Amino acid sequence: MSMGHEVRYRVRGGRQLHGTVFVQGAKNAVLPMIGASLMASRGRTVLRNVPIIEDVRRAVELARAVGAKAELHETERTLVIDASSLTSPVLPADIASRFRGSFLFVPALLHRLGEAVIEGVGGCNLGSRNLDFHYNGFKRMGATVTEHVADNGDGIIHIKAGDLRGGTLYCDTPSHTGTENLIMAAALAHGTTLIKNAALEPEVLDNIAILQAMGAKISGGGTGFITVEGVDELTAVEHTVMPDRIDAGVFVMAAAITGGDLNLVGATLEHLGVAADKLEQMGVEFHQQGAVLQVRRERTLRPINVITDEYPGFATDLQSPIMALSCLAEGPSYIYERIFDGRFKLADELRKMGADIEVDGNRAKVNGPRGLRGAEVEAHDLRCGSALVLAGLAAEGETTITSAYYLDRGHAHTAERLSQLGADIVREAD
Ligand SMILES: CC(=O)N[C@H]1[C@@H](OP(=O)(O)OP(=O)(O)OC[C@H]2O[C@@H](n3ccc(=O)[nH]c3=O)[C@H](O)[C@@H]2O)O[C@H](CO)[C@@H](O)[C@@H]1O
Ligand SMILES: C=C(OP(=O)(O)O)C(=O)O
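Owing to the predicted nature of the structure, the values given are computational and were not obtained by experimental measurement.

(A) Looking closely at the UniProt feature "binding site: UDP-N-acetyl-alpha-D-glucosamine" (unreviewed entry) in the chain. UniProt records the feature "binding site: UDP-N-acetyl-alpha-D-glucosamine" (unreviewed entry) for R100, D317 and I339 in the present numbering. Of the annotated positions mentioned, R100, D317 and I339 line the largest pocket. Of note, D317 is situated in the loop between β18 (305-307) and α10 (319-326). Residues contacting D317, with those up to four places away along its chain left out, are N28, I246, R343 and R383.

Here's what the structure looks like:
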């Protein structure tokens, strides 16, 4: 992945965190919503509570590359998109290969321009990340998918859709973006679509909510079966992006790893799914008061057994953070990663800080407690980055996290928000 510039975070550990922190808008909700906004052929979409993260900046660049007008008002955390004229079906590699969410632009391009040309799809390198459920779904709706190799050797995928028509679609496993893409493809297709084994994530439901407001006819969200009646047109609306449950979970763990107490504004315990129960078992105390979630940890941390799963199971995006937390637990913790096959590079980095972690395929055993010490470590992916920040908060001395563009992909104002809670953390970019 081309970085543009090198980003580093320096963390000096050992401070307890106290105070109030604002949970950002959800990365995995806003990205499909930007894709959805491109389906509105009239008016302007206004998205509120937009997280100011690198993935959103890339999505804005990509929206412009296909011809939309997009303005990100950072102070207001508001994104305004006018997609009345889309001009190019090409998702250029230099932007699209920097974030996974680029693939969520495909349904809009198919409906508006009859084709999509995908020069690259990015996202965190977490092992194999197929898109076959998406392609198979588009094909069942009448699209053709071809691949050719460009002069520079890169594979380019061309999807052509005359008129997409509804049908019976499925995901082999309940894919998050797969479900969103098939819903968006079905929303403007002719006839009725049934999507079986649909994902249940809250972000999928938030995306259904904006599409319904735009005029889409979708039912069954939150069950494994989603039905979509195609409509002729979608209109631009205003929508507030839901809070980011992964960002919330990381701040819960920041309180836990430093033995502090925090008020998380915008966090919903229910959205943490099984992760909330696991954190409680480790010794975190939760108290939900309206939209504010109070968290604290006073006792020693207990070890944990984690199995990642689709929502409401333990979110894979919180697996790396809890690996960092479990380094401090009083005994061995067991982590079984079921969603991605390449998400344990973090273990090597945590070992540099003094952790004792045994990895066997997609299972890890974390032998706690180990006092962590500062080191120079690398963020191999976004959640590896957030886990290393957590480890740095608890470590003795200074931790330098390199390749931190990945962290900035998904977390907004990390250094500012943590500093306000009492952490010693700075961001450097050159
Ligand atoms: C932008 C976004 O929303 N990203 C999230 C989304 O990624 P993403 O939507 O890419 O993740 P999926 O739910 O699609 O992937 C889950 C599993 O299904 C497999 N699979 C998926 C699609 C497909 O066509 N074929 C296939 O085999 C993947 O390789 C993976 O093993 O959900 C993940 C799992 O909750 C999160 O970690 C990501 O943060
Ligand atoms: C895997 C992640 O994101 P993406 O799907 O955007 O790469 C993530 O958010 O940890």
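Once you've had a look at it, read on.
(B) Quick peek at the sheet that holds strand β9 (residues 155-160). Strand order in the open sheet formed by four strands is β6-β7-β9-β8, and the pairing between neighbours is mixed. Unpaired on one side and paired on the other, β6 (90-91) and β8 (144-149) mark the two borders of the sheet. Inspection of the sheet shows strand β7 (residues 115-118) paired to β9 by four bridges, in the antiparallel sense. Within the sheet, the bridge partner assigned to V117 lies in β9 and is H158. Seen against the sheet, helix α4 (residues 106-113) touches β6, β7 and β9 and runs at an angle of roughly 140° to β7.

(C) Just the side chain of N49, in detail. Secondary-structure assignment places N49 in the loop between β3 (44-48) and α2 (54-65). Under the relative-accessibility criterion, N49 is labelled buried at 17%. Of the polar contacts made by the side chain of N49, one reaches the side chain of R77; its length is 2.8 Å. Engagement of the side chain of N49 in a polar contact is seen with the backbone oxygen of V241, the distance being 3.0 Å.

(D) How the structure looks around the pattern of salt bridges. Taken as a whole and assessed by the stated rule, the structure comprises 24 salt bridges. Taking the shortest distance from any N to any O, the salt bridge between E61 and R58 comes out at 3.1 Å. You can see E61 and its partner R58 sitting in helix α2, three residues apart, about one turn around the helix. Overall, E61 belongs to the partly exposed group, its relative accessible area being 32%. As a salt-bridge pair, R427 and D408 come within 2.9 Å of each other at their nearest N and O atoms. Taken together, the positions of R427 in strand β24 (residues 424-429) and D408 in helix α13 (residues 405-410) put the pair 19 residues apart, joining distant regions of the chain.

(E) Quick look at the site of ligand 1. Lining the immediate environment of ligand 1, one finds 19 residues, of which D132, S175, T177, D317 and I339 sit closest. F133 is positioned with one of its backbone polar atoms (N or O) 2.7 Å from an oxygen atom of ligand 1. Out of a free accessible area of 740 Å², ligand 1 has 89% covered by protein chains. Judged by the proximity of its atoms to the pocket grid, ligand 1 belongs to the largest pocket. When residues in the shell around ligand 1 are grouped by element, the largest group, three residues, is from helix α5 (residues 132-140). Split by residue class, the shell around ligand 1 holds four nonpolar, nine polar and six charged. There are two domains that each give the shell around ligand 1 at least three residues, and those are domain 1 (7-23 + 247-429) and domain 2 (27-240).

What counts as what
- Residues numbered from 1 in each chain as written.
- Chains lettered and ligands numbered in written order.
- Predicted model: local features only at pLDDT ≥ 70, side-chain atom pairs only at ≥ 80, totals over all residues.
- Heavy atoms only, no water.
- UniProt positions renumbered as here; feature names shortened; annotations may be inferred.
- 1 Å grid on protein atoms, 1.4 Å probe; cavity = no way out; pocket = protein on both sides within 12 Å on 5 of 7 lines; lining within 4 Å.
- Helix = DSSP H or I, 4+ residues; strand = E, 2+ residues; numbered from the N terminus.
- Contact = heavy atoms within 4.5 Å.
- Pairing = 2+ DSSP bridges.
- Axes fitted to C-alpha atoms, helices over the stretch in contact; angles between N-to-C directions.
- Buried < 20%, exposed > 50% of the residue type's maximum accessible area, 1.4 Å probe, protein only.
- Polar contact = N/O pair within 3.5 Å; in protein donor to acceptor, adjacent residues only side chain to side chain.
- Salt bridge = Lys/Arg side-chain N within 4 Å of Asp/Glu carboxyl O.
- Near = heavy atom within 4 Å.
- Areas by Shrake-Rupley, 256 points an atom, 1.4 Å probe, with all protein chains shown as cover.
- Sits in = over half its atoms within 2 Å of the grid points.
- Nonpolar A, V, L, I, M, F, W, Y, C, P; charged D, E, K, R; others polar.
- Domains from an automatic or database assignment.

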